[in-house]
Amino acid sequence: VMDRSDAQDLILDGNVVAPDYFELNGTGRRAGRTFEARDRHGAPPVAIVSESLARRLWDAAPPVGRMLRVDDVPREIVGVVSDVPYRSLEGPQPVLYLPLDQSTRSHRFLLQARLTGSETSIELERALRGVDPRILIGSPMPLTQYTQQLIAPERIGQALTGLAGVLQLGLAVM
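Residues numbered from 1 in each chain as written. Predicted model: local features only at pLDDT ≥ 70, side-chain atom pairs only at ≥ 80, totals over all residues. Heavy atoms only, no water.

A. Representation of the packing of aromatic side chains. Using the criterion set out here, one finds four aromatic pairs in the structure. Where Tyr21 meets Tyr97, the ring centres are 6.1 Å apart and the plane angle is 45°; that geometry is what we call tilted. Here Tyr21 is found in helix H1 (residues 21-25), whereas its partner Tyr97 is found in strand E6 (residues 95-99), with 76 residues between them in sequence. Summarising the burial analysis for this pair, Tyr21 and Tyr97 share the class buried. Considering the side-chain rings of Phe22 and Phe35, the 6.1 Å spacing of their centres and the 45° angle between planes classify their relative orientation as tilted. With Phe22 in helix H1 and Phe35 in the loop between strand E2 (29-32) and strand E3 (46-50), the pair connects residues that are 13 residues apart, well separated along the chain. Of the two residues, Phe22 and Phe35, neither departs from the other in class, the shared state being buried. Within the aromatic cluster, the residues linked to one another by ring pairs are Tyr21, Phe22, Phe35 and Tyr97. (Phe/Tyr/Trp six-rings, centres within 6.5 Å; stacked < 30°, edge-to-face > 60°. Helix = DSSP H or I, 4+ residues; strand = E, 2+ residues; numbered from the N terminus. Buried < 20%, exposed > 50% of the residue type's maximum accessible area, 1.4 Å probe, protein only.)

B. Looking closely at helix H2 (residues 51-58). For H2, the full list of buried residues reads Ser52, Leu53, Ala54, Leu57 and Trp58. If you follow the buried residues of H2, they end up packed against E3, strand E4 (67-70), strand E5 (73-81) and E6. Once H2 finishes, Asp59 follows within two positions and takes phi at roughly 50°, a positive value. (Contact = heavy atoms within 4.5 Å.)

C. Quick look at the side chain of Gln102. By secondary structure assignment, the location of Gln102 is in the loop between E6 and helix H3 (121-131). With relative accessibility at 8%, the residue Gln102 sits in the buried group.

D. Main features of the nonpolar core. Residues Ala47, Val49, Leu53, Ala54, Leu57, Trp58, Leu68, Val70, Ile77, Val80, Leu96 and Leu98 constitute the largest nonpolar core, which totals 12 residues. Of all the secondary structure elements, the ones that give two or more residues to this core are E3, H2, E4, E5 and E6. Tallying contributions element by element places H2 first for this core, with four residues. Once residues lying within four places of it in the same chain are set aside, the contact partners of Val80 are Gly28, Arg29, Arg30, Ala31, Ile48, Val49, Ser50, Glu51, Ala54, Pro63 and Val64. (Core = buried A, V, L, I, M, F, W, Y, C linked by side-chain atoms within 4.5 Å.)

Below, the structure written as structure tokens:
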């Protein structure tokens, strides 16, 4: 965080996203704006933060317009979006969002698409292969199923902890 005297290095979850990502997912905009076509390579670097990250970094101060250094690149915070479940059941996780068109690294992408009743995932796969035949495509699945797979290890851990507690209680009763 560039405008704080107690600046520290943070390791954050982050997403590199396309301009319509938040609208597609129904993620609410809380302040500022979401990414736009103008947020492309060569334009001033920008970022969007989740509500929990904004609170963590700036308490109650408005984050829009503040600067955040990401990988040694100063970025202006242009928006704040609502918290969404992100790899954890522990409640809101601080998340940083960067625009796809300003990304210089290669990334593993998760394509999220809303298909109408007449469209199929096979047609989507065919369209992607038409863009670049080298694209590796995994198994298409509903977003809810993908989210359940992400949090499955945490749910299993919680179930095992609960089972251990029941066993301990049983032993204590005996």
